[in-house]
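Each chain, written out:
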Amino acid sequence: MSNTLASHSAADIQPQQPWFVLSAARHYSLMVSRHPAISHFYSFEVAESASLTLAVPDGCVDIVFDCDATHPVARVCGTTLAARSAALNRNHRYFGVRFAPGVTPDFLDVMAEELTDREFNFFDVVPDARQACEQILRTPLFLQQIALFNTHFTPRLVRKTSLVTATIIHTILQQKGNIRVEHLEALTGYTCRTIQRQFRQDTGMSPKAFGRIMRCQAALHSLHQQGPVSFSDLALDLGFSDQSHFLREFKKLISTTPLDYQRQTLLGAWGERIRYH
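Remember, it's a predicted structure, so these values are computed and weren't measured experimentally. (Residues numbered from 1 in each chain as written. Predicted model: local features only at pLDDT ≥ 70, side-chain atom pairs only at ≥ 80, totals over all residues. Heavy atoms only, no water.)

A. Up close: the overall build of the chain. Check the secondary structure of the chain and you find 13 helices and nine strands. Seen along its three principal axes, the alpha-carbon backbone of the chain occupies a region of about 50 × 45 × 25 Å. Each of the 277 residues in the chain was classed as buried or not, and the buried ones make up 53%. Once local pairs closer than 6 in sequence are excluded, the contacts in the chain between residues at least 24 apart make up 73%. Per element, the accessible surface of the chain, about 13,200 Å² overall, is 49% carbon and sulfur. Here the chain contributes 27 positive and 25 negative side-chain charges, whose respective centroids are spaced 1 Å apart. (Helix = DSSP H or I, 4+ residues; strand = E, 2+ residues; numbered from the N terminus. Buried < 20%, exposed > 50% of the residue type's maximum accessible area, 1.4 Å probe, protein only. Contact = heavy atoms within 4.5 Å. Areas by Shrake-Rupley, 256 points an atom, 1.4 Å probe, with all protein chains shown as cover. Lys, Arg positive; Asp, Glu negative; His and termini not counted. Charge placed at Lys NZ, Arg CZ, Asp CG, Glu CD.)

B. Spatial organisation of the sheet that holds strand 9 (residues 274–276). Strand order in the open sheet made by the seven strands is 8-5-4-7-2-1-9, with mixed pairing throughout. A strand with exactly one partner marks an edge of an open sheet, and here the two such strands are strand 8 (119–121) and strand 9. Geometrically, the sheet is characterised by an average inter-axis angle of 20 degrees between neighbouring strands, direction not taken into account. Inspection of the sheet shows strand 4 (residues 62–66) paired to strand 7 (residues 93–99) by five bridges, in the antiparallel sense. By the bridge assignment, Ile-63 is partnered in strand 7 with Val-97. On top of the sheet, helix 4 (residues 130–138) reaches strand 4, strand 5 (73–77) and strand 7; it is set at about 60 degrees to strand 4, its chief contact. Seen against the sheet, helix 5 (residues 142–153) touches strand 1 (28–32), strand 2 (38–45), strand 4 and strand 7 and runs at an angle of roughly 140 degrees to strand 2. (Pairing = 2+ DSSP bridges. Axes fitted to C-alpha atoms, helices over the stretch in contact; angles between N-to-C directions.)

C. Highlighting the packing of aromatic side chains. Using the criterion set out here, one finds 23 aromatic pairs in the structure. Plain terms: the ring middles of Phe-107 and Phe-153 are 4.9 Å apart, the flat faces sit at 40 degrees to each other, and that makes the pair tilted. Here Phe-107, found in the loop between strand 7 and helix 2 (112–115), pairs with Phe-153, found in helix 5; they are 46 residues apart in sequence, far enough to count as distant. The same class applies to Phe-107 and to Phe-153, which are both buried. Between Phe-122 and Phe-123, the ring centres sit 6.1 Å apart and the planes meet at 80 degrees, which makes this aromatic pair edge-to-face. Owing to a relative accessible area of 0%, Phe-122 belongs among the buried residues under this scheme. (Phe/Tyr/Trp six-rings, centres within 6.5 Å; stacked < 30°, edge-to-face > 60°.)

Now the structure itself:
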């Protein structure tokens, strides 16, 4: 066993929750982490006018702190497998930690398979962390919250995992999710059954599900680039059999079509919302 799961670069595909950004009252603050186990930290206040906010599959574990003065709460959220509603309250400020795709933090007292498509109260799965959590919830400053999280939790970020899983994650990210199981067999020297069992144990997902999620995340990145995007070319670039297959997959995972998604991000001034720190 080796703790090399986070050896991949989180910058390969920075996992996104686009509906979080579009529901922000003003700015969506974001800071990329220097630690390879964490993709980035984020903070935003949900707008009064925000409609239902969705969580989309991103292959990541999130810790989400609801910093409401009256009822503060912290949740540990595994990746969804399809778009679904997220329990975010209007006018509440949130601070979040998004781990790199496939990484399960070692300080969580829960198995990776239990996290997928589920949420837990922070105190139920992070023993002896109440004081640290309460400090983060009470702090109004984004950068100070990051510092507090790093101080309390960095020593226990990376859970030991297999080298085969780390290799598969790195390869799937490099290939933007476009890879077949037989390619993974040739890459690792293991049988499909062994790969499936080990990968699910380490990440809570099958390699196919993880690749599917990363392929859709890659599509989001392409749609956020400047200039017109050909959906047929994008489908081909991501390894879909045809454009209609890409459109169906995108709608299931993101809850809208690529064209409507482009319209909504343009209308919502996506690029102007994100404030990098």
